[in-house]
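Structural description and commentary
Each chain is listed here by its residues.
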Amino acid sequence: MKIKLLLNLTIVLFAIAFVSCNDDLDTIGGNIQPGGDDISVYVDTVVLTAKTVSLEDSVYARHASGLLGEYTDPIFGKIKSDYLSELYCPEDLAFHKNKTTVDSVFLDVISDVFYGDSISPVGIAAYRVDKKNLEKDFFTNIKPTDYSSMKEVVGRGVFTIKDADAYGTGKRYRLSVAKSLGDEIYEEWVNSEKAGTKFPEAFRNFFKGIYVTSTLGSGSLININTNILRIYYSYTGRNTADTADSTYVGSVMLPSTGEVIQLNQVQNTIPSYLLEESDTHTYLKSPAGVCTEITIPLKDIMNRAKKDNITNKLNSATFKLKGYTEEEEKMAMNRSTNLLFINKDSLVNFFSKNNMADSKTSFIMVRDATSNTYNFSYSNLASSVSNNLATMVNYYVNYYKDKEDVPDLKFLVLPITATSQYVTSGYSQVLTYTNIYNQMTPTSAILRTDEENMKMALIFSNYNSAKTK
C-alpha cells in the first residue's frame, strides 16, 4: 500500500512538473501497471472567462482612517471621498475646575499619505453632525446628509499638501474652530461633574461627530490617519508655597480612534468603457470602484473528470492572474499588493464578520512585482504561495455531485489590505494573516484575461487495484 501511494504521488508530481514546463498544456495520458495495479494520470485544461463589474460605490469599510479629496485618473475616471467620524472622549478627560477660560480651539486633520498633486490647493471643511448619532453602517455608499445638515461649520481652511505643517512622518491640516464650541464642551463637562454622571456618555449625546469633506481642488486625495479636536484653556490657582494666584494653561484632546464610529463615503465616476466586455483584459480599481468577475465552468470540469466510465480524482487545478504590463504602464495609480479571490455569494458578509480566507470559498492573492502576476496564498500563511486550486474545486464538486443542476462558479477579484504578523508555531515563527479589509486607498490594475492567460490546468488520477477488477 505504501508503494502504491508513493508511486501515485510521484506520478502526480511529475505531471505537475510537466504542466509547469509546457505552456501548450496539451492533454497527455499514461498507464503504469506495477504488479497488476493500474495508476492512470492525465492532464486537461479548461478556459475561465472574466468580465469587469462595478462595485457601485459600496464596499464594507470599517476603518479608523478616512480618505479625503477628489482625483481624476486618465484611465479609471474620477473618485471623490469624504467621511464622518465621532470623537473619542476618554473616561478620565478633565478640565481644571478653578476659574477656567477656554482660549482657543482647533481641529487637526492628520494624514500620512497623499495621492496626486502636492501643490494644487485643497479646501477642507468640517461640519457638525447634528441630525442623529452615527450608526454602524460601514458601507461606503452612505449619505452624509442623513447625519449632518451642514449648517454648523466646525472649521474650514485651504491648504496645499506641500506646504501643510509637518506632523511626524505625515502632514497636519489645522482648522480654526470657534471658541464657543470649546465653551460648550466645557460647560457640558461641568454639568456632568455636578450631576455625577460619566462625561463620555453625555459627550456622545450632545456632540455627535464631524463630517469632513473637501470644498476645493480636484487633483489629490489625502489618506487621513486621525482627527483631533484640541481645546486650549487657562485657569488660575496657586501652589502650596505661593502667596498669590497664578495663571496656568492646560488642554484636552478629543481624537477619532478605532473605538468610535467612522463612516467613509466614496463616489466613483466610472468611464463606460471599463465595463464593456473584452476578450483581452479586465480592470480593478479601489476604493469601491470596479472588480473582476471570473467564471469557472464547474460542470465542464466534472465531465472531464470522467474517463473510460471512471470518475477520476482531481489532484491539481493551477491558475494565476497576470497583469497587463504594457497597459498598466500608462496608469497613474499604484497596483494593489493583495487581492481577494472570493465566491460571489460569500462576499456580502465576509468583511462585516471579520472573516479570513479559508482556501475553499476565498483566497488571498499576492502580487509578484517582478513578473506582475497575482498568485494564490496557501491557507492563512502570508509566507506561502500555491496556485493549486484543487481543494476549492473539489469542495464544490463534492457539494454538487448529487445535484442535477451544476452551476458555473462565480468568483470576484477585488483589491484588499491584508495585515500579517509572526505567530509562534512550535519552535518557529510563522508569518500569518491577521486581518483583511477592503482597500481604501487608490489602487488600480489591468488583468490579462485573453484565452491563453485564462487557462486552468487540471491533473486527474485514478488508482484501480487488480483485486477490484
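Residues numbered from 1 in each chain as written. Predicted model: local features only at pLDDT ≥ 70, side-chain atom pairs only at ≥ 80, totals over all residues. Heavy atoms only, no water.

Once that is clear, we can look at the packing of aromatic side chains. Inspection of the entire model under this criterion finds 24 aromatic pairs. Between the aromatic rings of Phe106 and Tyr232, the centroid separation amounts to 6.2 Å while the plane-to-plane angle is 70 degrees, which identifies the pairing as edge-to-face. With Phe106 in strand 6 (residues 101-116) and Tyr232 in strand 12 (residues 219-237), this residue pair connects regions lying 126 residues apart in the sequence. By relative accessible area, which is 29% here, Tyr232 ends up partly exposed. Look at Tyr233 and Tyr235: their rings are 6.2 Å apart centre to centre, the planes differ by 40 degrees, and that puts the pair in the tilted class. A connected cluster of aromatic rings, assembled from ring pairs, spans Phe95, Tyr186, Trp189, Tyr233, Tyr235 and Tyr248. The ring of Tyr399 is capped by Lys403, whose NZ or CZ atom sits 4.4 Å from the centre of that ring. (Phe/Tyr/Trp six-rings, centres within 6.5 Å; stacked < 30°, edge-to-face > 60°. Helix = DSSP H or I, 4+ residues; strand = E, 2+ residues; numbered from the N terminus. Buried < 20%, exposed > 50% of the residue type's maximum accessible area, 1.4 Å probe, protein only. Lys NZ or Arg CZ within 6 Å of the ring centre and 35° of its normal.)

What follows is about the confidence of the model for the protein chain. Taken residue by residue, the protein chain gives an average pLDDT of 89. The fraction at 70 or more is 90%. Within the model, the stretch residues 1-7 combines pLDDT values under 50 with five contacts to residues more than four positions away or in other chains. Confidence over residues 18-33 falls short of pLDDT 50; this stretch has 28 contacts with residues more than four positions distant or in other chains. (pLDDT = per-residue confidence, 0-100. Contact = heavy atoms within 4.5 Å.)

Mapped onto the elements of the fold, Pro407 is located in the loop between helix 7 (390-400) and strand 24 (409-425). The exposure class of Pro407 is partly exposed, given its relative accessible area of 32%.

Those residues of helix 7 not exposed but buried are Ala390, Met392, Val393, Tyr396, Val397 and Tyr400. The buried side chains of helix 7 occupy one side of the element, clustering within an arc of 165 degrees when seen end-on. In this fold, the buried residues of helix 7 make contact with strand 16 (290-296), helix 4 (298-304), strand 19 (313-318), strand 21 (338-343), strand 22 (362-368) and strand 24. (Arc of directions from axis to C-beta.)

This part covers helix 2 (residues 179-195). A rise of 1.5 Å per residue sets the reference length of helix 2, with its 17 residues, at 24 Å; its end C-alpha atoms lie 25 Å apart and thus fit the reference within 8%. Within helix 2, the full set of buried residues consists of Leu181, Gly182, Ile185, Tyr186, Trp189, Val190 and Ser192. Backbone geometry just downstream of helix 2 places Gly196 in the positive-phi region, at approximately 70 degrees. (Expected span 1.5 Å × (residues − 1).)

What follows concerns the pairing of strand 6. The pairing of strand 6 with strand 12 spans 14 bridges and is antiparallel. Opposite Phe114, over in strand 12, you have Ile222 as the bridge partner. Here strand 6 pairs with strand 10 (residues 170-177) via seven bridges, running antiparallel. Paired with Val105 across the strands is Val177, a residue of strand 10. (Pairing = 2+ DSSP bridges.)

Attention now moves to the packing of helix 2 against helix 3 (residues 199-206). Between helix 2 and helix 3, the least distance of the axes is 10 Å, while the angle of their chain directions is 140 degrees. As far as their axial angle goes, helix 3 and helix 2 are oblique. Relative to helix 3, helix 2 is oriented so that their crossing is right-handed. When helix 2 is examined against helix 3, the residues Glu184, Ile185, Glu188, Trp189 and Ser192 are found in contact with a partner set consisting of Phe199, Phe203 and Phe206. (Axes fitted to C-alpha atoms, helices over the stretch in contact; angles between N-to-C directions. Parallel < 35°, antiparallel > 145°, perpendicular 65-115°, else oblique. Left-handed = near helix turned anticlockwise from the far one by under 90°.)

Attention now moves to the pairing of strand 12. Look at any regular strand and the pattern is simple: side chains alternate between the two faces of the sheet. For strand 12, the tally of buried residues reaches 16 of 19 residues, placing the bulk of the element in the interior. Of the pairings in the sheet, the one linking strand 4 (residues 66-73) to strand 12 comprises six bridges and is antiparallel in character. Note that in strand 12 the partner of Glu70 across the bridge is Ser220. Note that strand 12 and strand 13 (residues 246-255) share 10 bridges and pair antiparallel.

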